[in-house]
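# Residue-level structural notes
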Protein chains: 2
Amino acid sequence: MVKNMEAMLSKIVKRIKPSKTEKEAEKKLIDKIFGKIKKIEGKHIEVMHCGSSARDTDIGGDKDLDIFVLFPKKMKRAEFEKEGLRIGRTVFKGKKWEECYSEHPYVRGQMDNFVIEIVPSYKVEDASAMQSAVDRSPLHQKYLLERLTEKQKDEIRLLRAFLKGIDCYGAKLKVNSMPGYAVELLILYYGSFMGCIKAAANWKNGEIIDIEKHYSDPSEAKKKFNHHLNLVDPTDKNRNVAAAVSYNQFARFIAACRKFLEKPNERFFFPEKKKGWPISKIKKMFKEKEILILKIPYPKNAISDVVYGQIKNLTKKMKTRLKLNDFIVKSSGEWTDEKSIIVNAFEFESLEIERVKKHLGPEIADAKNAAIFLKSHKKIISGPIIENGRWVIEKERKFWNAKEFLKAEIKKIVVKDPLNKTIKKARVVEEKDILPIYKKDCEFASFITAFLKNREDFLDW
Amino acid sequence: MVKNMEAMLSKIVKRIKPSKTEKEAEKKLIDKIFGKIKKIEGKHIEVMHCGSSARDTDIGGDKDLDIFVLFPKKMKRAEFEKEGLRIGRTVFKGKKWEECYSEHPYVRGQMDNFVIEIVPSYKVEDASAMQSAVDRSPLHQKYLLERLTEKQKDEIRLLRAFLKGIDCYGAKLKVNSMPGYAVELLILYYGSFMGCIKAAANWKNGEIIDIEKHYSDPSEAKKKFNHHLNLVDPTDKNRNVAAAVSYNQFARFIAACRKFLEKPNERFFFPEKKKGWPISKIKKMFKEKEILILKIPYPKNAISDVVYGQIKNLTKKMKTRLKLNDFIVKSSGEWTDEKSIIVNAFEFESLEIERVKKHLGPEIADAKNAAIFLKSHKKIISGPIIENGRWVIEKERKFWNAKEFLKAEIKKIVVKDPLNKTIKKARVVEEKDILPIYKKDCEFASFITAFLKNREDFLDW
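Computed from a predicted structure; not experimentally measured.

## A look at the overall build of chain A
Each helix and strand in chain A was counted, giving 16 helices and 15 strands. If one aligns the C-alpha atoms of chain A with their principal axes, the spans along those axes are about 85 × 60 × 55 Å. Burial status across chain A gives 52% buried among its 461 residues. Within chain A, counting contacts between residues at least 6 apart in sequence, those at least 24 apart form 67% of the total. Here chain A has roughly 22,800 Å² of accessible surface; of this, 51% comes from carbon and sulfur atoms. Counting 94 positive and 66 negative side-chain charges, chain A places the averaged centre of each group 3 Å from the other.

Structure representation (structure tokens):
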């Protein structure tokens, strides 16, 4: 069994490890860009290749490169940003590029089939001197390169592929999952892929991983971060590397680890691309299930992470309002193509609820409130009657149809920029409005199918 | 205003007070029966006319007479019962009579349009010497006759009529209301009808009335009886005269008193007989509302109080089971003609609920229970999926139709004698099975109408 596992894993490593040709092409491109940047006149003091490709922990076919341009600590923020953009633009002169924004602006461009980000950063010695959120990347790079063994780099590749396979990779709000740096730290801590999987299968809520023992008492770290997964950044004791991991993704990872130990399988690393169900099946499911879909135009030039945060929040708000009005939401989900549409999907226990609602009034003995109750209710359908010693009436609900409620409620919801630009155009759409998108966009098809299926894929691997 | 009230009340007293002719006829009949009983050879030592008619607190047209035949304390129970029956039979020789049973057997017969109960009782000096539950009736009689003024007797009549008018009179399980003796004590305590009404309008849960101050500390009585209305029997400190009054009837009385003070009205004393709605309206309501009716044959020769207790209990049990299976019962009621049928009616929020039920499993981190949950559930409709860090599945319900559920569940319910004789013949019936009874039995019609109307009548007086 152990032997089989080893064989399987080394087979997988071979398959996911970037080829020599790939690495050589990468190296060549990096050198070229380094050369370009060094030649540009300016105050930048160093160029660094960061991220998984720089640490040789990346998976083959991953064509994203992060190039950090380091500036002196004392440089003013405005100049730092301006200079960062200027260098980026100069690098991609004559190529395809765009200006992006995370904590500060940077340039993303395309060259030789690679997507390259040129990120300005302050050169700092340690986390305490940080001036920009990206400044810690070079610190992470240094920390890992000094400690990771060659073998561990492949183990990182395995864990990364595993997490990607179960849809639990990446710190973006869209997935609320394991950031790349966390994956590397987990292997550093547990030593190997299997070590990590076995440990994670037994993780408890409030797990603490403190590699550098920044906290002599682990409960201190737990108290400070108060998260289900507390992975202390070895380069910054005040940061939980796993802060973005949602409780659900934390739980999904644990469950997948258990399933993998029970039934090790290559499919965890190479899941079949989730296909959408055939249209006929979708039509059938829409008939059988009680689904409502909210369609909102994607705000122009909006940062997807911000939008994901907003639509997740919108779902939450809507669910609270639905619940307060006695509509029972069984499940919900959100999706966007990050270009033209945002979709919030809700599955209800029932799209129509009772027209009439029972209102429990005060105890009769509570004379003051009983009098208020009797006076304040108009348009009573039945009652007032005394039940279990309390006044009780029935009134007609304002909304007993979830669609009508959603239509009215979406108009009242207040959101911030950028979603406020398009929320007024939100529509509660029918199955027929959805099918054209379903046919066109296979990512949407996969989202809707998963939403209707509502089952963890890895259980079937 | 006060004058108007006085005028109205004295008008009502005139109307409800038995006429002289009525009282004379009664007196004549009592004398006749007394004569008969005294002539019978036996160990009985005294004959007593008890109850409201004996205390001159009865309402005109009330043709029920209670005659107590007192036996020596030392008489054996078997002989006491035998002798009591013998005397009863002898009195009604040649007349219509029947054997009844409450705590012990007695005879009820008809004579000159009166219904007379001949009740054997032990002659005791005080409650501590009681040997039979009815032994306290003569003690009550003595206590009241020594204290009530002539004026108060009319005030009792008013309160009795008021309580009858709002359906809150009588200690029987059918109504769980104010016993006749309690009505007399309330007037003795509060002095007058209006005094009682004003006081009751401000009653609080846990009210204590201890006329003879048996308890130096009122909270002691409250602790002992632990009831919403604690009316200490002046002749027996260990008895709460209002023990049978349900919290709902307690509350209804309070609410009716408030309404009467707000809008004094003769209708509280002379309510129109509750008519059933026309058949067309009933049919309409059955269509609009979600009603199920359980019909059970009335067990032969069963005591109605016992049966009422059982069917109330049956309703309660059924509601608990319905709730556990996610059926929402909005209201329920029970009725019997005390001869041939028993009816339990339920109004549902919806007769059909979702076919599919979401089952929340354990947290993923709880490895042991998560594994048990995944293994123990078969026939899953959707899932398992991880939601908020827990395993969640959907399964088809065994019952999603309230009628099917009720049909199946009534077969499983265990009841005691006498209801156990007929429960197997219980049926969940349709509107069409109900209409013939509705047309025939105006009491049933009034029950069903009130059940569908679900509004306190006195609010409209």
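## Re the domain arrangement of chain A
All names here are of chain A. Partitioning chain A into domains gives domain 1 (22-143), domain 2 (148-268), domain 3 (279-352 + 399-460) and domain 4 (363-393). Here domain 2 and domain 3 have C-alpha centroids that lie 30 Å from each other. Each partner contributes residues to the interface: domain 2 has 11 residues there, and domain 3 has 11 residues. Counting the surface lost from both domain 2 and domain 3, the interface buries some 940 Å², and carbon and sulfur atoms represent 54% of this. Taken together, domain 2 and domain 3 are joined by one salt bridge. A salt bridge links arginine 252 to glutamate 456, with the shortest nitrogen-to-oxygen separation between them at 2.8 Å. Across the domain 2-domain 3 interface, the total number found is two residue pairs in polar contact (both at pLDDT 80 or more). Tallied by class, residues from the side of domain 2 that touches domain 3 come to five nonpolar, one polar and five charged.

## Some remarks on the pattern of salt bridges
All names here are of chain A. Taken as a whole and judged by the stated rule, the model has 88 salt bridges over all chains. Between glutamate 81 and arginine 77 there is a salt bridge, with its nearest N and O atoms 3.0 Å apart. Here glutamate 81 and its partner arginine 77 are both found in helix H4 (residues 77-91), four residues apart, which amounts to about one turn of the helix. In this structure glutamate 81 comes out as partly exposed when scored by relative accessible area, which is 22%. Taking the shortest distance from any N to any O, the salt bridge between arginine 455 and aspartate 460 comes out at 2.6 Å. Linked through salt bridges whose partners overlap, the residues forming this network are Lys17, Lys23, Glu26, Asp56, Asp58, Asp154 and Arg157.

## Details of the interface of chain B and chain A
In this complex, chain B contributes 39 residues to the contact, which on the side of chain A involves 39 residues. With both sides pooled, the region where chain B packs onto chain A buries about 3,300 Å², and carbon together with sulfur makes up 49% of that total. Counting across the chain B and chain A interface gives two salt bridges. In this structure, Glu394(B) and Lys330(A) form a salt bridge, with 2.9 Å as the shortest nitrogen-oxygen distance. The interface formed by chain B and chain A contains 25 residue pairs in polar contact (both at pLDDT 80 or more). Secondary structure elements with two or more residues in the side of chain B that touches chain A: helix H10 (247-262), strand E10 (329-336), strand E12 (356-363), helix H13 (367-376), strand E13 (380-387) and strand E14 (390-396) of chain B. For the side of chain B that touches chain A, the class distribution of residues is 16 nonpolar, nine polar and 14 charged.

## Comments concerning the environment of Ala129(B)
Residue and element names in this part refer to chain B. Within the element layout of this structure, alanine 129 appears in the loop between strand E5 (114-122) and helix H5 (136-147). Its relative accessible area of 24% is what places alanine 129 among the partly exposed residues. With 269 residues separating them in the primary sequence, alanine 129 and lysine 398 have C-alpha atoms 57 Å apart. Leaving out residues up to four positions away in the same chain, alanine 129 has contacts with Lys73 and Val124.

## Some thoughts on the environment of Lys300(A)
With respect to the element layout, Lys300(A) can be found in the loop between strand E9 (291-297) and helix H12 (304-324). Taking the C-alpha atoms as reference points, Lys300(A) and Pro418(A), 118 residues apart in sequence, are found 8.2 Å from one another.

## Some details on the relation of the copies chain B and chain A
Least-squares fitting of chain B to chain A yields an RMSD of 0.1 Å, with the transformation described by 0.1 Å of translation along the axis and a rotation of 180°. The operation mapping one copy onto its partner corresponds to a two-fold rotation axis. In terms of proximity to the rotation axis, the leading residue of chain B is Ile353(B), whose C-alpha is 5.2 Å off the axis. Same-surface contact between copies: 100% of interface residues of chain B are shared with the interface of chain A.

## Regarding the sheet that holds strand E8 (residues 236-240) of chain A
All names here are of chain A. The three strands lie next to each other as E6-E7-E8, forming an open sheet whose pairing is mixed. Strands with a single pairing partner mark the edges of an open sheet, and in this sheet they are strand E6 (207-209) and E8. Pairs of neighbouring strands in the sheet enclose a mean axial angle of 25°, with direction left out of account. Bridging between strand E7 (residues 229-233) and E8 involves two bridges; their strand directions are antiparallel. Of the residues in E8, the one forming a bridge with aspartate 233 is aspartate 236. This element, helix H7 (residues 180-190), spans E6, E7 and E8 of the sheet and lies at about 90° to E7.

Conventions adopted
- Residues numbered from 1 in each chain as written.
- Chains lettered and ligands numbered in written order.
- Predicted model: local features only at pLDDT ≥ 70, side-chain atom pairs only at ≥ 80, totals over all residues.
- Heavy atoms only, no water.
- Helix = DSSP H or I, 4+ residues; strand = E, 2+ residues; numbered from the N terminus.
- Buried < 20%, exposed > 50% of the residue type's maximum accessible area, 1.4 Å probe, protein only.
- Contact = heavy atoms within 4.5 Å.
- Areas by Shrake-Rupley, 256 points an atom, 1.4 Å probe, with all protein chains shown as cover.
- Lys, Arg positive; Asp, Glu negative; His and termini not counted.
- Charge placed at Lys NZ, Arg CZ, Asp CG, Glu CD.
- Domains from an automatic or database assignment.
- Buried area = accessible area lost by both parts, 1.4 Å probe.
- Salt bridge = Lys/Arg side-chain N within 4 Å of Asp/Glu carboxyl O.
- Polar contact = N/O pair within 3.5 Å; in protein donor to acceptor, adjacent residues only side chain to side chain.
- Nonpolar A, V, L, I, M, F, W, Y, C, P; charged D, E, K, R; others polar.
- Least-squares fit on C-alpha atoms with pLDDT ≥ 70 in both.
- Pairing = 2+ DSSP bridges.
- Axes fitted to C-alpha atoms, helices over the stretch in contact; angles between N-to-C directions.

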